[in-house]
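Given next are the chains, with one letter for each unit.
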Amino acid sequence: MSSDWFRLILGLLIALGFSQLNALFLVWLERKVAGHIQLRPGPMEVGPHGLLQTIADGVKLVGKELILPFKADRKLFFLAPVLVFTPVLVGFLVLPFGQNMIIRDMNLGVLLIFGFSTITVLAILAGGWASNNKYALLGAVRSVAQNIAYEIPLLLSVMSVVLMVNSLSFSEIVNSQKTVWFIFLQPLAGLIYLISATAETNRAPFDIPEAESELVAGFHTEYSGMGFGLFFLAEYTNMFIVCAVATSLFFGGWQGLFGINLGIPGVFWFLFKTYALIFIIMWVRWTFPRVRFDQLMNFAWKVMIPLSLVNLVITAIVLKFV
């Protein structure tokens, strides 16, 4: 029992450190991706090729004052940034970085991640409500509506994979892809998952809850210093989590293509695929314009949910009779 607790605590500390390094790297990467797509260099001044720019920004955020808006709900206002980051950190517990690189290999690992992800929506709603700001509240309400709508096709696409493996364990799902990745067997489910995950993480073109042109900054309009920093950290860590889950469900996890690893350790395969998916999400952000809110909701309820339901039914029929 004591060794299990030690492994759990050590794993969470490593996950906490990794999440911060990961956010620093992803902020730098996004600026560079945006710069090259828009034919400009991006940050170049602080460090070689701007590598230390995000560290300087982090130091600046730590030094900024935490401002409490007039008539805001003090407890909820300061609790929301902590709540928004906690479920993201828990997600690292069951992610299979390699054959023997899982903090806790649980039978219900998939369910744990999606169960805790609902807390993020509540935290965003709490932050927007507690701010006593109409733009923040409107952004929070948009976020709740958007997350509820896109959670359905997301879970239905995941269920197609779970039906094939007959397990909610990430390690068993990855081991089932030794010969062929599930993206080749479930291309529609993989596409639905990636689109829904983009909407779940409030990334463009689905960044309606924090639309600068309409809502200033949405649900975190009134946050400054490390309050804003935690929201920012949670967004980029959440982006890593959803892409890591996609890697495990559809792209073979630590497995190489067709089971050929080329002597490369599994953790490098896993991270390479995850960051490749993150790059695609960034590419989409700086390529497509933001959609309207009615278009966003119509796309979820009229296109994504019916398609994911049809895909799930076809998967069940094929597994039953073929």
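Keep in mind it's a predicted model, so treat the numbers as computed, not measured.

About the criteria used
Residues numbered from 1 in each chain as written. Predicted model: local features only at pLDDT ≥ 70, side-chain atom pairs only at ≥ 80, totals over all residues. Heavy atoms only, no water. Helix = DSSP H or I, 4+ residues; strand = E, 2+ residues; numbered from the N terminus. Rg over C-alpha atoms; globule rule 2.2 N^0.38 Å. Buried < 20%, exposed > 50% of the residue type's maximum accessible area, 1.4 Å probe, protein only. Contact = heavy atoms within 4.5 Å. Lys, Arg positive; Asp, Glu negative; His and termini not counted. Charge placed at Lys NZ, Arg CZ, Asp CG, Glu CD. Axes fitted to C-alpha atoms, helices over the stretch in contact; angles between N-to-C directions. Parallel < 35°, antiparallel > 145°, perpendicular 65-115°, else oblique. Nonpolar A, V, L, I, M, F, W, Y, C, P; charged D, E, K, R; others polar.

Caption draft 1: Fine view of the overall build of the protein chain. Summing up its helical and strand segments, the protein chain has 12 helices and zero strands in all. Counting from the amino terminus, the protein chain carries its helices and strands in the arrangement α-α-α-α-α-α-α-α-α-α-α-α. Taking 20 Å as the expected radius of gyration for a compact globule of 322 residues, we find that the protein chain reaches 20 Å, a close match to that expectation. With the C-alpha coordinates of the protein chain rotated into their principal frame, the extents come out at 60 × 50 × 45 Å. For the protein chain, with 322 residues in total, the buried portion stands at 50%. When contacts within the protein chain are restricted to residue pairs at least 6 apart in sequence, those whose partners lie at least 24 apart make up 77%. In the protein chain, the 20 positive side-chain charges and the 17 negative ones have mean positions that sit 1 Å from each other.

Caption draft 2: Region of interest: the packing of helix α8 (residues 187-200) against helix α10 (residues 225-250). Between α8 and α10, whose axes approach to 10 Å, the crossing angle comes to 175 degrees. Between α8 and α10, the crossing angle belongs to the class labelled roughly antiparallel. For the pair formed by α8 and α10, the contact residues are Ala189, Gly190, Tyr193, Leu194 and Ala197 on the first element and Val242, Val245, Ala246, Leu249 and Phe250 on the second. Taken together, the residues that form the contact of α8 with α10 break down as nine nonpolar, one polar and no charged.

Caption draft 3: Spotlight on the environment of Ile314. With respect to the helices and strands, Ile314 occurs in helix α12 (residues 293-321). What makes Ile314 partly exposed here is its relative accessible area of 48%. Put simply, Ile314 and Ser160 are 154 residues apart on the chain and 9.1 Å apart in space, counted from C-alpha to C-alpha.

Caption draft 4: Representation of the environment of Glu172 within the structure. The topology assignment puts Glu172 in helix α6 (residues 170-175). Apart from residues lying up to four places away in sequence, Glu172 is in contact with Val165 and Ser167.

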